[in-house]
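So the chains spell out like this:
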Amino acid sequence: MTAALTACSSVGDLTISNESSSDVTVTTGDDEIIVSAGGGASILGSGCTPGDVTVEFTSGEKFVVAGPVCPEEQIVVRNGKAELQPSS
C-alpha cells in the first residue's frame, strides 16, 4: 500500500495581488517586495516561504499571513487585510 502526502511544492512562483488603494510591503522572510496599489507581483522560483508572510500597509499597520505560503496559493491584499486564495 502506498500513501501520498500533500505538501507545499518546493518550486514555483509566489504571487501577490494588491487590490487595495495603497502600496504594501510584503516580507516573506527571504524577500521583501513593494506591491503598488491595484497591482501585483510575483517572486519567481521562490517556492514556499520559510514561515509567515507579513504585509505592511503605508499606514504602518501590519497583517500576518500564517505560513508557509506555497505557489499553489496566492496572497490577495484588500481592505486592510491579506488572505490566501488558490493560484489561478
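Parameters and conventions
- Residues numbered from 1 in each chain as written.
- Predicted model: local features only at pLDDT ≥ 70, side-chain atom pairs only at ≥ 80, totals over all residues.
- Heavy atoms only, no water.
- Helix = DSSP H or I, 4+ residues; strand = E, 2+ residues; numbered from the N terminus.
- Buried < 20%, exposed > 50% of the residue type's maximum accessible area, 1.4 Å probe, protein only.
- Contact = heavy atoms within 4.5 Å.
- Areas by Shrake-Rupley, 256 points an atom, 1.4 Å probe, with all protein chains shown as cover.
- Pairing = 2+ DSSP bridges.
- Axes fitted to C-alpha atoms, helices over the stretch in contact; angles between N-to-C directions.
- Salt bridge = Lys/Arg side-chain N within 4 Å of Asp/Glu carboxyl O.
- Core = buried A, V, L, I, M, F, W, Y, C linked by side-chain atoms within 4.5 Å.
- Polar contact = N/O pair within 3.5 Å; in protein donor to acceptor, adjacent residues only side chain to side chain.

A. Representation of the overall build of the chain within the structure. When helices and strands are counted, the chain shows zero helices and eight strands. Put simply, the chain runs from its N terminus to its C terminus through helices and strands in the order β-β-β-β-β-β-β-β. Residue burial in the chain is summarised as follows: out of 88 residues, 28% are buried. Restricting the contact set of the chain to residue pairs at least 6 apart, pairs at least 24 apart contribute 42%. Looking at the chain as shown, the accessible area adds up to about 5200 Å², and 49% of this sits on carbon and sulfur atoms.

B. How the structure looks around the sheet that holds strand S4 (residues 40-43). Read across the sheet, four strands follow the order S4-S1-S7-S8 without closing on themselves; strand pairing throughout is mixed. Both outer strands of the open sheet, S4 and strand S8 (81-86), are each paired with one neighbouring strand and no more. Averaged over all pairs of adjacent strands, the angle between strand axes in this sheet comes to 20°, irrespective of strand direction.

C. Looking closely at the pattern of salt bridges. Scanning the entire structure with this criterion turns up two salt bridges. In this structure, Glu-19 engages Arg-78 in a salt bridge whose closest nitrogen and oxygen atoms are separated by 3.0 Å. Separated by 59 residues along the polypeptide, Glu-19 in the loop between strand S1 (14-18) and strand S2 (24-27) and Arg-78 in strand S7 (residues 73-78) bring together distant segments of the chain. In this structure Arg-78 comes out as partly exposed when scored by relative accessible area, which is 22%. Via salt bridges that share partners, Glu-19, Arg-78 and Glu-83 belong to a single interconnected network.

D. Region of interest: the nonpolar core. By size, the foremost hydrophobic cluster in this structure holds 15 residues, and its most contacted members are Val-24, Val-26, Val-55, Ile-75 and Val-77. Those elements that place two or more of their residues in this core are S1, S2, S4, strand S5 (53-57) and S7. Looking at which element gives the most residues to this core, the answer is S5, with three residues. In contact with Ile-75, not counting residues within four places along its chain, are Thr-15, Ile-16, Ser-17, Val-53, Val-55, Val-69, Ala-82, Glu-83 and Leu-84.

E. Spatial organisation of the environment of Asp-13. Along the chain, Asp-13 turns up in the segment before S1. Separated by 28 residues in sequence, Asp-13 and Ala-41 have C-alpha atoms that sit 9.8 Å apart. In terms of polar contacts, Asp-13 uses its side chain to reach the backbone amide nitrogen of Gly-45, at 2.7 Å.

F. Looking closely at the sheet that holds S5. Spatial ordering of the open sheet is given by S3-S2-S5-S6, a layout of four strands whose pairing is antiparallel. The outermost strands of the open sheet, each flanked by one partner alone, are strand S3 (32-35) and strand S6 (62-65). Each neighbouring strand pair of the sheet contributes to a mean axis angle of 20°, computed without reference to strand direction.

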